[in-house]
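What the coordinates show
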Amino acid sequence: TPEGGTLGRAMSDGGRRPSSLFQDLLSLFTNGLFVTLIFGYSAYQFVMGGVAYWGPYYVQKALYMSASTSGYAFGGVSLISGVFGTFAGSKLLDRMVGVEDQQPGSNRRLVAGCKVMFWGSILAWPFLLG
């Protein structure tokens, strides 16, 4: 690895010099895309924790299943929909933005990702209420 590891700053002569931890953290937390993704992922994990805790109980009471059956059914649906949703969402996002069309500093991918999540949530509501 170059001197200073992967977090070093580029120098004018093409070399790299080490940067301080403070500089690296400052550059991370002033990057709007990074901060937005961290907040979004935190909200996602919060919701998934609530669904994982209350979901089997709801299935147990609403569909009159045993505790073990509702846990397995809910876990299976969560697993399959999570894998399928991740794959389908990434393919849709690549198609919307274009794999080659990623320019540094562009927020096109972030905006397209928000549109995919918004419309996916809207389309999921009928199945939730159903």
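Residues numbered from 1 in each chain as written. Predicted model: local features only at pLDDT ≥ 70, side-chain atom pairs only at ≥ 80, totals over all residues. Heavy atoms only, no water.

1. Observations concerning the overall build of the protein
Counting secondary structure elements, the protein contains four helices and two strands. When the helices and strands of the protein are placed in sequence order, the string is β-β-α-α-α-α. Sorting the 130 residues of the protein into buried and exposed places 9% on the buried side. Partitioning the intrachain contacts of the protein with sequence separation of at least 6 by distance along the chain shows that 7% fall at a separation of at least 24. Roughly 10,600 Å² of accessible area belongs to the protein as shown, and the carbon and sulfur atoms make up 69% of that amount. (Helix = DSSP H or I, 4+ residues; strand = E, 2+ residues; numbered from the N terminus. Buried < 20%, exposed > 50% of the residue type's maximum accessible area, 1.4 Å probe, protein only. Contact = heavy atoms within 4.5 Å. Areas by Shrake-Rupley, 256 points an atom, 1.4 Å probe, with all protein chains shown as cover.)

2. Regarding a nonpolar patch on the surface
A cluster of nonpolar side chains, contributed by Phe-118, Trp-119, Ile-122, Trp-125 and Leu-128, occupies part of the molecular surface with about 580 Å² of accessible area. You can see Phe-118 is positioned in helix α4 (residues 108-129). Relative accessible area serves as the criterion here: at 46%, Phe-118 is assigned to the partly exposed category. (Patch = residues over 30% accessible without salt bridge, like charges linked within 9 Å, V, L, I, M, F, W, Y side chains within 5 Å. Salt bridge = Lys/Arg side-chain N within 4 Å of Asp/Glu carboxyl O.)

3. Some remarks on the packing of aromatic side chains
Under the criterion given, the structure shown has five aromatic pairs. With 5.9 Å between their ring centres and 75° between their planes, Trp-54 and Tyr-57 make a pair best called edge-to-face. Of this pair, Trp-54 and Tyr-57 both sit in helix α2 (residues 32-62), separated by three residues, roughly a single helical turn. In this structure Trp-54 comes out as exposed when scored by relative accessible area, which is 53%. On the basis of relative accessible area, Tyr-57 is assigned to the partly exposed category, the value being 43%. Where Phe-118 meets Trp-119, the ring centres are 5.1 Å apart and the plane angle is 80°; that geometry is what we call edge-to-face. Following the ring pairs from residue to residue traces out a cluster consisting of Tyr-53, Trp-54 and Tyr-57. (Phe/Tyr/Trp six-rings, centres within 6.5 Å; stacked < 30°, edge-to-face > 60°.)

4. Let's talk about the side chain of Ser-70
Looking at the element boundaries, Ser-70 is found in helix α3 (residues 67-97). Relative accessible area serves as the criterion here: at 1%, Ser-70 is assigned to the buried category.

5. Quick word on the packing of α2 against α3
With their axes 8 Å apart at the nearest point, α2 and α3 run at an angle of 125° to one another. Classed by the angle they form, the pair α2 and α3 counts as oblique. The crossing of α2 and α3 is right-handed. On α3, the residues touching Val-51, Gly-55, Pro-56, Val-59 and Gln-60 of α2 are Ala-67, Ser-70, Gly-71 and Phe-74. Its residues assigned to classes, the contact of α2 with α3 comprises five nonpolar, four polar and no charged. (Axes fitted to C-alpha atoms, helices over the stretch in contact; angles between N-to-C directions. Parallel < 35°, antiparallel > 145°, perpendicular 65-115°, else oblique. Left-handed = near helix turned anticlockwise from the far one by under 90°. Nonpolar A, V, L, I, M, F, W, Y, C, P; charged D, E, K, R; others polar.)

6. A short note on α2
Between its terminal C-alpha atoms α2 stretches 42 Å, which fits the 45 Å expected from 31 residues at 1.5 Å a residue. The largest bend along α2 reaches roughly 40° and is located at Trp-54, with the proline Pro-56 sitting one to four residues downstream. After α2 finishes, the residue Tyr-64 shows a positive phi value of roughly 55°. (Expected span 1.5 Å × (residues − 1). Bend = angle between axes of the 7 residues up to and from the residue.)

7. Some points on the confidence of the model for the protein
Overall, the prediction assigns the protein a mean pLDDT of 78, with 79% of residues at 70 or greater. Element-level pLDDT for the protein is lowest in strand β1 (residues 9-10), with a mean of 54, against a maximum mean of 87 in helix α1 (residues 21-29). Scored below 50 in pLDDT, residues 1-5 makes five contacts in the model with residues more than four places away or belonging to other chains. (pLDDT = per-residue confidence, 0-100.)

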